[in-house]
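Take a look at the letters that make up each chain.
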Amino acid sequence: MWRRGERLYALLVFLVVALEAYALAVLILVLSARLFHRLTLSQVQAALFQALGLTGLILLLLGAYILVYHAYTALKEARDKALYERYLSAFTEALFSGTEPPPPPWPEPALEALLHLREMLKGEMGEKVAQWLRKDRLPWAFRLKSRWASRPVRLEALEALGLARLPETLEAILPYLEHQDPVLRLAAARAAARVAQGEGVLHLGEALLKAGLPKGALLEVLLLLEDRAEPVVALFLEKGGRGEVWAALEAIGRLHLHGLAERVLPFLEAEDPEVQAAALRALARLGYPPVGYEDVVLGLLRREEEFLRVHAARLLPLLPQNLARRALWEALKDPSFYVRRAAAEALASLDLELLRKAGEAHPDPYGRAMAAQVLREVAWNS
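Just so you know, these numbers come straight off a predicted model, no measurement behind them.

A. Focus on the overall build of the chain. Helices and strands together make up the secondary structure of the chain, namely 19 helices and zero strands. At 33 Å, the chain has a C-alpha radius of gyration far larger than the 21 Å of a compact globule built from 382 residues. Here the chain, with 382 residues, has 44% of them falling under the buried criterion. Counting only contacts in the chain whose residues sit at least 6 apart along the sequence, the fraction spanning at least 24 positions is 65%. Separation between the mean location of the 46 positive side-chain charges and that of the 46 negative ones in the chain comes to 5 Å.

Shown next as structure tokens:
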């Protein structure tokens, strides 16, 4: 991983080490030859002075470079900050007064100011900033296509394109979803999620199926898509593997995609417990009753995996009420503290009177204590 200016610094350090190694090698050869009386004392002294002079020269060059580099970067940062503030003020004034912005081409600090406004503003004003960005020849897409661009430059370009949210830049981003560097793949996925519109959303979905991103990253991308996520979620449910399906189920619940609620139900019978748990969470967040899968949910209450029993207990209030009451009463006997807690909270939302009865007369002492605790919390919160 390189930062700007470090390539030259690395080259200079390499030259310093190489020249020092050369000087030491010459000294070793000269001193060895002197041991065997192959060279005179004056020749040895001349070689020693040359080595010392070379060492002093390269150390002087290295020190001078470091001092100049730090002085230059400090001046450049101050200049860029002043330019950024000036252009930000000018763009903001033009945006709210309806006048024309400063004419392009714009320096990098001006583009950063525009990206800052584009990130903050939505709707009509955000689109106006996008039109301003289109007026200039943006450098980020060209940097992505360059073979010689360093990793930081590419990361900065991907971040900038994501902030700009210009749909036409999606073609420059998508190839990075196949990049061998996982960091660049993740940055490209985030940028593409911000940029994609219309048919580009499905193109992004197809690319994500091949990207090999972890499930947490896939979920992040779906959440970044916001109200555009439904086609990609449906694609993941249809063609995705374990990670894609898990991310899609999580996104359905978190983004409240009610149109896909029916498609969640079959995953209650999935072989993977984590996928089953994601389906339970999605239905609970949507408030969608698992019609026809009541026996499956009750069966999950008897599974070995604690987290499955917890999520099944939280979903029980969506079952038919009499069935849910009996199941929650039984769940208060569960050996897991977290399952008993989930059952008591679910019972509080379904039938507070039955929870009071459980707090007084439940046969399991731990279930009785949990019901009483949740009752106290309900009273306190109300």
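So, next bit.
B. How the structure looks around the packing of helix 12 (residues 242-254) against helix 13 (residues 273-286). It is the contact of helix 12 with helix 13, at a shortest axis distance of 7 Å, that shows an interaxial angle of 15°. Judged by the inter-axis angle, helix 12 sits roughly parallel to helix 13. As for how helix 12 packs across helix 13, the hand of that crossing is left-handed. For the pair helix 12 and helix 13, contact is made by R242, V245, W246, L249, E250, I252, G253 and R254 and by E274, V275, A278, A279, R281, A282, R285 and L286, respectively. Residues that form the contact of helix 12 with helix 13 fall into these classes: nine nonpolar, one polar and six charged.

C. Region of interest: the packing of aromatic side chains. Under the defined criterion, the tally for this structure stands at four aromatic pairs. Grouped by ring-pair contacts, the aromatic residues Y87, F91, W106 and W132 constitute a single cluster. Against the face of W148 rests R147, its NZ or CZ located 5.7 Å from the ring centre. Geometry around W246 places K215 over its ring, the cationic atom sitting 4.7 Å from the centre.

D. Region of interest: a nonpolar patch on the surface. Taken together, the side chains of L8, L11, F14 and L15 define a hydrophobic patch exposed on the protein surface, amounting to about 410 Å² of accessible area. Inspection of the secondary structure assignment puts L11 in helix 1 (residues 6-35). On the basis of relative accessible area, L11 is assigned to the partly exposed category, the value being 45%.

E. Representation of the UniProt feature "transmembrane region" (unreviewed entry) in the chain. When the UniProt feature table is mapped to this numbering, "transmembrane region" (unreviewed entry) covers residues 47-72. Here residues 47-72 is 100% helix and 0% strand, with 37 Å between the C-alpha atoms at its ends.

F. Looking closely at the layout of surface pockets. Taken as a whole, the second largest pocket holds about 370 Å³ of empty space. For the second largest pocket, the lining is made up of 15 residues, of which K122, R165, R194, E226 and R228 are closest to its centre. Considering each element in turn, the lining of the second largest pocket owes the most residues, three residues, to helix 4 (residues 123-135). Grouping the constituent residues of the lining of the second largest pocket by class yields five nonpolar, one polar and nine charged.

G. Spatial organisation of the pattern of salt bridges. Tallied over the entire structure, the rule returns 23 salt bridges. For the salt bridge of E108 with R143, the shortest nitrogen-to-oxygen distance reads 2.3 Å. One end of the pair, E108, is in helix 3 (residues 108-120); the other, R143, is in helix 5 (residues 140-145), and 35 residues separate them in sequence. The class of E108 is partly exposed, set by a relative accessible area of 30%. Assessed through its relative accessible area of 22%, R143 is described here as partly exposed. Across the pair E353 and R356 runs a salt bridge, and its minimum N-O distance is 3.3 Å. Separated by three residues within a single helix, E353 and R356 lie in helix 18 (residues 352-361), roughly one turn from each other.

H. How the structure looks around helix 15 (residues 306-315). Where burial is concerned, most of helix 15 is hidden: seven out of the ten residues are buried. Packing partners of the buried residues in helix 15 comprise helix 13, helix 14 (294-300), helix 16 (321-331) and helix 17 (337-350).

I. Layout of the nonpolar core. Within the largest apolar cluster, 116 residues are counted, with the highest numbers of intra-cluster contacts made by L208 and V233. If near-sequence neighbours (up to four positions away) are discounted, L208 is found in contact with L177, A189, L213, L218, V221, V232, F236 and E244. L12, I58, L62 and Y65 belong to the second largest nonpolar core, which has five residues in total.

J. Representation of helix 13 in the model. The end-to-end C-alpha separation of helix 13 is 20 Å, in line with the 20 Å expected for 14 residues at 1.5 Å each. Here helix 13 has its buried residues at V275, Q276, A277, A278, A279, L280, R281, A282, L283 and L286. As for helix 13, its buried residues are in contact with helix 12, helix 14 and helix 15. One side-chain oxygen of the residue at the start of helix 13 lies 2.9 Å from the amide nitrogen of E274, identifying that residue as D272. Positive backbone phi, at 70°, marks G287, one or two positions downstream of helix 13.

K. Layout of the side chain of D364. Examined against the element boundaries, D364 turns out to sit in the loop between helix 18 and helix 19 (365-381). Buried within the structure, D364 lacks any salt-bridge partner; R340 is the closest side chain of opposite charge, at an N-O distance of 5.2 Å. Among the polar contacts made by the side chain of D364, one reaches the main-chain amide nitrogen of Y366 at a distance of 3.0 Å. Once you skip the residues sitting within four places of it in the chain, D364 turns out to touch L332 and K333.

Reading the values: rules and limits
Residues numbered from 1 in each chain as written. Predicted model: local features only at pLDDT ≥ 70, side-chain atom pairs only at ≥ 80, totals over all residues. Heavy atoms only, no water. Helix = DSSP H or I, 4+ residues; strand = E, 2+ residues; numbered from the N terminus. Rg over C-alpha atoms; globule rule 2.2 N^0.38 Å. Buried < 20%, exposed > 50% of the residue type's maximum accessible area, 1.4 Å probe, protein only. Contact = heavy atoms within 4.5 Å. Lys, Arg positive; Asp, Glu negative; His and termini not counted. Charge placed at Lys NZ, Arg CZ, Asp CG, Glu CD. Axes fitted to C-alpha atoms, helices over the stretch in contact; angles between N-to-C directions. Parallel < 35°, antiparallel > 145°, perpendicular 65-115°, else oblique. Left-handed = near helix turned anticlockwise from the far one by under 90°. Nonpolar A, V, L, I, M, F, W, Y, C, P; charged D, E, K, R; others polar. Phe/Tyr/Trp six-rings, centres within 6.5 Å; stacked < 30°, edge-to-face > 60°. Lys NZ or Arg CZ within 6 Å of the ring centre and 35° of its normal. Patch = residues over 30% accessible without salt bridge, like charges linked within 9 Å, V, L, I, M, F, W, Y side chains within 5 Å. Areas by Shrake-Rupley, 256 points an atom, 1.4 Å probe, with all protein chains shown as cover. Salt bridge = Lys/Arg side-chain N within 4 Å of Asp/Glu carboxyl O. UniProt positions renumbered as here; feature names shortened; annotations may be inferred. 1 Å grid on protein atoms, 1.4 Å probe; cavity = no way out; pocket = protein on both sides within 12 Å on 5 of 7 lines; lining within 4 Å. Points joined across faces, edges and corners; volume = space filled by probe spheres on them. Core = buried A, V, L, I, M, F, W, Y, C linked by side-chain atoms within 4.5 Å. Expected span 1.5 Å × (residues − 1). Polar contact = N/O pair within 3.5 Å; in protein donor to acceptor, adjacent residues only side chain to side chain.

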